[in-house]
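# Structure at a glance
The residues making up each chain are set out below.
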Amino acid sequence: MRTSKFGRMAAIIAVPLMLAATPAMAQDEEAVPFTVSGGATVVSDYRFRGFSQSTEDFAIQGTFTASHESGLYVGTWGSSIGFAGGTEIDFYAGYATEVASGVKLDGGVTYYWYPSGTGNTDVIEPYASITGSIGPATAKLGVAYAPDQASLGDNSAVYVYTDLSAGIPDTPITIKGHLGYSKSDSFLGGPDGEALDYMVGADLAYSGLTFGVSYVNTDVPKGLGKEALGADGAVLFSVGASF
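Below: a short report on this structure. (Residues numbered from 1 in each chain as written. Predicted model: local features only at pLDDT ≥ 70, side-chain atom pairs only at ≥ 80, totals over all residues. Heavy atoms only, no water.)

So, about the side chain of Gln 61. Considering the arrangement of structural elements, one finds Gln 61 in strand 4 (residues 59-68). For Gln 61, a relative accessible area of 13% translates into the label buried. Within polar-contact distance, the side chain of Gln 61 engages the side chain of Ser 79 at 3.3 Å. With sequence-adjacent residues up to four places away left out, Gln 61 is seen in contact with Gly 39, Ala 40, Thr 41, Val 43, Tyr 46, Trp 77, Gly 78 and Ser 79. (Helix = DSSP H or I, 4+ residues; strand = E, 2+ residues; numbered from the N terminus. Buried < 20%, exposed > 50% of the residue type's maximum accessible area, 1.4 Å probe, protein only. Polar contact = N/O pair within 3.5 Å; in protein donor to acceptor, adjacent residues only side chain to side chain. Contact = heavy atoms within 4.5 Å.)

Have a look at this one:
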């Protein structure tokens, strides 16, 4: 393709101008210490630590997080539910840092808010976790502890869990698993104060969306209302988008 002398002259003039502008543009980009992320998801059943929060029905969920380059972050997460007026909104804040290559520590606190709930329904729960990644595989070990508070009947609650995930090379598929144990004298620990929950599943990323399928269950005995509590085994589906 041929160009005129005026086109060549314009290009010659433009090059130094672009070179002069590039450092300034780079500095402007580097000067932004915050990143923002979020997303929305539709799930066939909102399970919290193995227990249905949406009366085993569909739920709409959304999240938004602002992170600082120092490791500090704040965010919110919300979902439709089947009690306390139909809405749960969680606020969280914490600090995450990489302590070694592929190893991250994370700690913070979550405030569970039920805006239409009556009485003492809100819960405050600090948490901490460690995450390690090797290639496409990631493992996470975490604990969440809710101290004595009125919404838990003046009881405390603890939840210990592990998450595993691994992307299948050269595919948009990620397999995942979860195992958790809760203990409390309140409903958070199950009808007898203790509960084990687990999940196995897979996600498929396609055209900006993530499609998920999983099987969840708990060890709550049928005699203690396993099905009535929504703690029975079920196959769950989800579709979400993130930015």
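From this point, the discussion proceeds with the structure in view.
Around the barrel, 12 strands lie side by side as 1-4-5-6-7-8-9-10-11-12-13-14; this closed barrel has antiparallel pairing. The sheet shows a mean angle of 20° between the axes of neighbouring strands, direction not considered. Where strand 11 (residues 173-184) lies against strand 12 (residues 194-206), 11 bridges are found, and the strand directions are antiparallel. Across the sheet, Ile 175 pairs through a bridge with Ala 202, a residue of strand 12. (Pairing = 2+ DSSP bridges. Axes fitted to C-alpha atoms, helices over the stretch in contact; angles between N-to-C directions.)

Grouped together as the largest cluster of nonpolar side chains are 11 residues: Val 43, Tyr 46, Ala 59, Ile 81, Ala 84, Tyr 112, Tyr 114, Val 123, Ala 146, Leu 152 and Ala 157. Those residues within four positions of Tyr 114 in sequence are excluded, and the remaining contacts are Ile 81, Phe 83, Ala 84, Thr 87, Glu 88, Thr 121 and Asp 122. (Core = buried A, V, L, I, M, F, W, Y, C linked by side-chain atoms within 4.5 Å.)

This part is about the pattern of salt bridges. Enumeration over the complete set of coordinates arrives at 6 salt bridges. Put simply, Glu 56 and Arg 47 hold a salt bridge, and the shortest N to O gap is 3.7 Å. Owing to a relative accessible area of 14%, Arg 47 belongs among the buried residues under this scheme. (Salt bridge = Lys/Arg side-chain N within 4 Å of Asp/Glu carboxyl O.)

Turning to unusual backbone geometry, a few remarks are in order. Phi angles above zero are rare outside glycine, and Arg 49 is one such case at about 55°. According to the relative accessible area criterion, Arg 49 is buried, its value standing at 17%.

Among the secondary structure elements, Asp 197 is positioned in strand 12. Side-chain polar atoms of Asp 197 contact the side chain of Tyr 159, separated by 2.8 Å. Those residues in contact with Asp 197 that lie beyond four places of it in its chain are Arg 49, Gly 50, Tyr 159, His 178, Leu 179, Gly 180, Tyr 181, Asn 217 and Thr 218.

When strand 9 (residues 137-149) meets strand 10 (residues 155-167), the two strands line up antiparallel, connected through 11 bridges. For Val 143, the partnering residue across the bridge sits in strand 10 and is Val 160. As consecutive antiparallel partners, strand 9 and strand 10 are separated by 5 residues, and within that stretch Gly 153 has a phi angle of approximately 70°, a positive value. Pairing analysis gives 11 bridges linking strand 10 to strand 11, with the strands arranged antiparallel.

Moving on: the environment of Ala 202. Following the sequence through the fold, Ala 202 ends up in strand 12. Classification of Ala 202 as partly exposed rests on a relative accessible area of 22%. For the pair Ala 202 and Gly 177, spaced 25 residues apart in sequence, the C-alpha separation works out to 8.5 Å. Ignoring anything within four residues of it in the chain, the contact list for Ala 202 reads Ile 173, Thr 174, Ile 175, Lys 176, Phe 211, Gly 212 and Val 213.

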